[in-house]
Structure formats: C-alpha cells, structure tokens
Amino acid sequence: MSKSFWQDQLQIHEKLCFLAPMDGYGDSAYRQSMKRVAPHVYCISEFYSADGLIHSKFLADSVLPHQTIEDPLIIQIFGKDPEVFAKAAKIISDPKYNIAGIDVNMGCPAKKVVRSGHGSSLLINEQTAFDIVKALDEATHLPISVKTRLSFDGNQDLIAFAQGLQKSGAKLVTIHGRTAKQAYTGNADFTNIYELQKHVDIPVIGNGDVENYDDGMKKAQNLNGFMIGRRSFGNPWAFLGKKHFETDTWKDHVNGFKDGIYYPTLGEMLEAMDFHADKLVATKGEKKGSLEIRKHLVQYIKSFPGVKEYRKRLVTTESYSQTQETILELRQKFSADLLKRPGLGEIE
Ligand SMILES: Cc1cc2nc3c(=O)[nH]c(=O)nc-3n(C[C@H](O)[C@H](O)[C@H](O)COP(=O)(O)O)c2cc1C
C-alpha cells in the first residue's frame with residue numbers, strides 16, 4: 001500500500017464506509033463476518049498496544065495475520081512514545097502481514113488509558129501526538145491515520161490539532177462527535193467535524209451514533225466518509241443501504257429493506273451466527289472462541305421469538321458443540337419460518 005491509499009480509495013468510492021475499531025469486538029472473526037455481507041467496508045482492528053507489539057512476537061503473530069476477505073485491513077495501535085510507535089510500525093509493515101494502513105488511537109476516554117498518557121490524553125499533549133504521527137510516517141510506507149474526538153474537555157482546538165496531524169504526515173483523520181469527557185453520553189454532534197473538513201486537505205471521517213449505511217451517507221455531508229461501531233453488533237447488514245439493494249447481489253432481498261434498515265430472515269441470521277462462531281473458533285481456538293462468541297450471538301438473536309430461553313443458553317454455553325447445538329435447535333424449531341423476518345414481526 002502506498003501513502004496515497006486513501007486518496008486512491010476516494011477515486012473508487014464516493015464516501016468511505018468503515019467498521020469502527022472496537023476493543024473486544026473488531027478481531028478477525030468479527031471483521032470477516034462484516035465483510036462477508038458488506039465487502040465495501042474498510043475494517044479497522046480493535047486497538048493493540050504499540051509497546052505490546054514490540055515486546056511480544058506472540059501478540060504480533062496472533063493479531064496481524066488475517067484472511068483475504070478482510071483486506072484492506074487497517075491496524076489500530078495506542079501508546080505514547082514516538083520511538084515505540086516507530087518500532088511497532090516496522091513490525092506491522094512486514095509484507096508477510098499484508099496490512100494496508102496504521103491508525104493511531106487518540107480518542108479512548110477510559111481513565112486507565114488517559115492516566116497513562118495514551119488515547120484521548122494526546123488531545124492535550126498535542127506535540128506528542130504530532131511527534132507520534134511523524135515518527136510513524138517516517139518509519140513505514142503505510143498510510144498513517146488518526147482516530148480522535150472533538151476535543152478532550154471542550155477546551156481544545158480541533159482544527160489546529162487536525163492541521164498539526166496533517167502536517168506531521170497523517171493521511172486521514174476520523175472524529176468521534178463527542179469530547180473525551182463526554183465518553184458515550186449525550187449525542188454525537190457532527191457540526192465541528194463538517195467545519196474541520198473545510199480546513200484540512202486530508203479526508204475526514206465522521207463517527208458517532210451512525211445507525212446504518214444510508215444514515216451514514218446522509219450524515220457524511222461534506223465529509224469523505226463515516227464509521228459504524230455499536231450498530232454493527234450482530235448486524236453486518238447495518239453496512240448495506242438503498243444502493244446495495246439495487247444490485248444483483250441484493251435485489252432479491254429488497255422486501256426486507258425498510259427505511260434504511262435491513263431485516264434479515266431467520267435463515268440469514270442463523271447463517272451469520274454459524275459463520276461468526278466458526279471463524280472465532282478457527283482463529284482463537286475452541287476454548288476461547290466458544291466463550292467469546294457468547295456476547296456476539298445474543299446480539300444476532302435480538303429479534304428472535306422465544307428469545308429469553310435461547311439467549312440464556314447462548315450466554316452460558318461452555319463449548320463450541322453446545323453453541324452449534326443451540327443454533328441447530330433454533331433452525332429445527334423454526335424450520336418452516338427460515339424465510340421469515342423476525343424484525344418485521346413475521347414470526348409470532
Ligand atoms: C466496545 C467498544 C470498544 C471500543 N474500542 C475502541 C478502540 O479499540 N479504538 C477506538 O478508537 N475506539 C474504540 N471504541 C469507540 C468506537 O470506535 C466508536 O468511536 C464509538 O463506539 C462511537 O461510534 P458508534 O456510535 O458508531 O458506536 C470502542 C467502542 C466500543 C463500544
């Protein structure tokens with residue numbers, strides 16, 4: 001990948017649509033699950049410690065290898081020391097991992113992260129933030145991007161900060177429309193993000209409370225794209241919009257698409273659950289995979305009838321075979337309803 005990667009992508013897509021980086025979610029299995037349904041999505045990994053990557057070969061070898069379907073894959077890292085970032089960049093850039101870009105976390109509001117000088121604390125340590133981007137940009141041929149927030153506590157200048165990042169070599173910046181102090185409270189506000197795009201040349205991506213693809217396209221306005229996080233839980237269809245249902249791949253499903261939301265059939269949900277569980281166990285092993293899959297599967301079955309009983313079983317399952325049994329049981333119990341859409345109330 002070259003430094004002009006994002007500009008090149010904007011020649012292909014009118015707006016860039018991203019899976020937001022989410023710790024505890026955005027691993028290989030999650031990304032594969034999203035891309036299976038929505039191949040146009042750019043995936044950013046959950047964040048990894050730059051320090052961890054340089055000190056543990058095991059970490060690099062467990063989080064950087066991925067499947068072709070996830071490409072182009074962006075790896076997000078956090079830290080505070082430019083030199084450490086530069087070393088981590090060298091590891092990530094190894095051609096054997098085929099990574100497309102490196103994103104720097106400058107938005108995480110978690111107390112522990114902020115106290116140690118990582119994440120959103122870089123919004124108040126601007127010079128360190130700029131030094132990190134510069135060190136990364138010099139250390140790798142990959143494009144560097146930054147994900148941050150409107151400000152730390154309302155007292156910082158977003159435009160000056162983003163201009164500094166751009167000058168240091170950042171090729172794209174994503175802004176979550178909340179301050180770090182707000183964490184996840186209140187509503188995301190894109191007003192200052194729209195304004196920012198007028199003051200920098202690099203693409204600006206808007207993030208926060210985007211419900212689905214069409215909502216993202218609407219909210220993006222003058223921005224170069226949008227990012228969806230929480231709405232993708234158990235819902236890879238969040239990345240599909242009106243235009244996708246006009247294509248050959250999706251046009252037969254258009255009756256499940258209402259007001260920007262796709263309501264999958266029961267059969268599609270079960271298939272997605274099977275796929276996600278299979279990929280998680282394949283990448284993390286039976287023990288870890290079958291525990292981690294619990295939180296994902298209950299999201300997929302949010303609109304299932306008789307949800308309580310199955311939810312309970314899925315969150316307490318101890319093994320992959322138990323998970324598979326529950327999914328199979330659902331398939332058998334509702335065998336006559338596999339083409340129906342629970343979210344549209346087609347199953348009592
Ligand atoms: C469970 C969870 C984990 C997250 N982990 C990260 C992370 O590793 N890196 C990051 O930049 N943001 C992280 N975020 C923030 C999201 O990327 C995103 O900015 C936020 O959820 C707002 O977008 P949304 O309203 O579409 O979810 C996380 C959010 C959630 C809910």
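Rules of the game
- Residues numbered from 1 in each chain as written.
- Predicted model: local features only at pLDDT ≥ 70, side-chain atom pairs only at ≥ 80, totals over all residues.
- Heavy atoms only, no water.
- Near = heavy atom within 4 Å.
- Polar contact = N/O pair within 3.5 Å; in protein donor to acceptor, adjacent residues only side chain to side chain.
- Areas by Shrake-Rupley, 256 points an atom, 1.4 Å probe, with all protein chains shown as cover.
- Nonpolar A, V, L, I, M, F, W, Y, C, P; charged D, E, K, R; others polar.
- Salt bridge = Lys/Arg side-chain N within 4 Å of Asp/Glu carboxyl O.
- Helix = DSSP H or I, 4+ residues; strand = E, 2+ residues; numbered from the N terminus.
- Buried < 20%, exposed > 50% of the residue type's maximum accessible area, 1.4 Å probe, protein only.
- Pairing = 2+ DSSP bridges.
- Axes fitted to C-alpha atoms, helices over the stretch in contact; angles between N-to-C directions.
- Contact = heavy atoms within 4.5 Å.
- Domains from an automatic or database assignment.
- Buried area = accessible area lost by both parts, 1.4 Å probe.
- Parallel < 35°, antiparallel > 145°, perpendicular 65-115°, else oblique.
- Left-handed = near helix turned anticlockwise from the far one by under 90°.
- Phe/Tyr/Trp six-rings, centres within 6.5 Å; stacked < 30°, edge-to-face > 60°.
- Lys NZ or Arg CZ within 6 Å of the ring centre and 35° of its normal.

A. Spatial organisation of the site of the ligand. Not every one of the 17 residues close to the ligand is listed here, only the nearest: D23, Q76, N207, D209 and R230. With respect to the ligand, the backbone of D23 contributes an N or O atom lying 2.7 Å from a nitrogen atom. Between an oxygen atom of the ligand and a side-chain N or O atom of N105, the distance comes to 3.1 Å. Contact with the protein chains hides 88% of the accessible area of the ligand, taken as 610 Å² for the molecule alone. Taken together, the residues of the shell around the ligand sort by class into seven nonpolar, six polar and four charged.

B. Inspection of the pattern of salt bridges at higher detail. As enumerated under the stated definition, the model contains 23 salt bridges in all. Between K134 and E138 there is a salt bridge whose closest N-O contact spans 3.1 Å. You can see K134 and its partner E138 sitting in helix α7 (residues 126–139), four residues apart, about one turn around the helix. Assessed through its relative accessible area of 59%, E138 is described here as exposed. A salt bridge links E246 to K242; its shortest N-O distance comes to 3.3 Å.

C. Layout of the sheet that holds strand β3 (residues 73–78). Ordered by their spatial adjacency, eight strands build a closed barrel running β1-β2-β3-β4-β5-β6-β7-β8, and the pairing between neighbours is parallel. Averaged over all pairs of adjacent strands, the angle between their axes in this sheet comes to 25 degrees, without regard to strand direction. Pairing of strand β5 (residues 144–149) with strand β6 (residues 172–176) involves five bridges; the strand directions are parallel. In the strand pairing of β6, S145 is matched with L172. Along the sheet face, helix α1 (residues 5–12) touches β1 (16–19), β2 (42–49), β3 and β6 and points at about 120 degrees away from the line of β1. On top of the sheet, helix α2 (residues 28–37) reaches β1, β2 and β3; it is set at about 170 degrees to β2, its chief contact.

D. Local environment of the domain arrangement of the protein chain. Taken domain by domain, the protein chain holds domain 1 (5–244) and domain 2 (266–343). Once you take the C-alpha centre of each, domain 1 and domain 2 turn out to be 30 Å apart. Each partner contributes residues to the interface: domain 1 has 15 residues there, and domain 2 has 16 residues. The contact between domain 1 and domain 2 buries some 1300 Å² in all, and 60% of this surface belongs to carbon and sulfur atoms. Put simply, domain 1 and domain 2 have two salt bridges between them. Residue K284 pairs with D27 through a salt bridge whose shortest N-O separation is 2.9 Å.

E. Representation of the packing of helix α13 (residues 307–316) against helix α14 (residues 320–333). In contact at an axis separation of 9 Å, α13 and α14 are set at 160 degrees when each is read in the N-to-C sense. On the basis of the axis angle, α13 is roughly antiparallel to α14. At the point where α13 passes α14, the crossing takes the left-handed sense. Every residue of α14 that contacts α13 at Y310, R313, L314 and T316 is listed here: Q322, T326, E329, L330 and K333. The residue inventory of the contact of α13 with α14, partitioned by class, reads three nonpolar, three polar and three charged.

F. Structural view of the side chain of S168. Note on placement: S168 falls in helix α8 (residues 158–168). By relative accessible area, which is 13% here, S168 ends up buried. Discounting chain neighbours no more than four positions away, the residues touching S168 are F130, V133, K134 and D137.

G. Highlighting the packing of aromatic side chains. By the definition in use, this model includes 15 aromatic pairs. When the centroid spacing of 6.0 Å and the interplanar angle of 85 degrees are considered together, the rings of Y25 and Y30 count as edge-to-face. Here Y25 matches Y30 in class, with each residue buried. Each ring, one from F245 and one from Y262, has its centre 5.1 Å from the other, and the planes form 25 degrees; the classification is stacked. One end of the pair, F245, is in the loop between β8 (225–228) and β9 (257–258); the other, Y262, is in strand β10 (residues 261–262), and 17 residues separate them in sequence. A single burial state applies to F245 and to Y262, both of which are buried. Aromatic ring contacts, followed pair by pair, group F5, W6, F18 and Y42 into a single cluster. In this structure, K295 packs its charged tip against the face of Y25, placed 4.7 Å from the ring centre.

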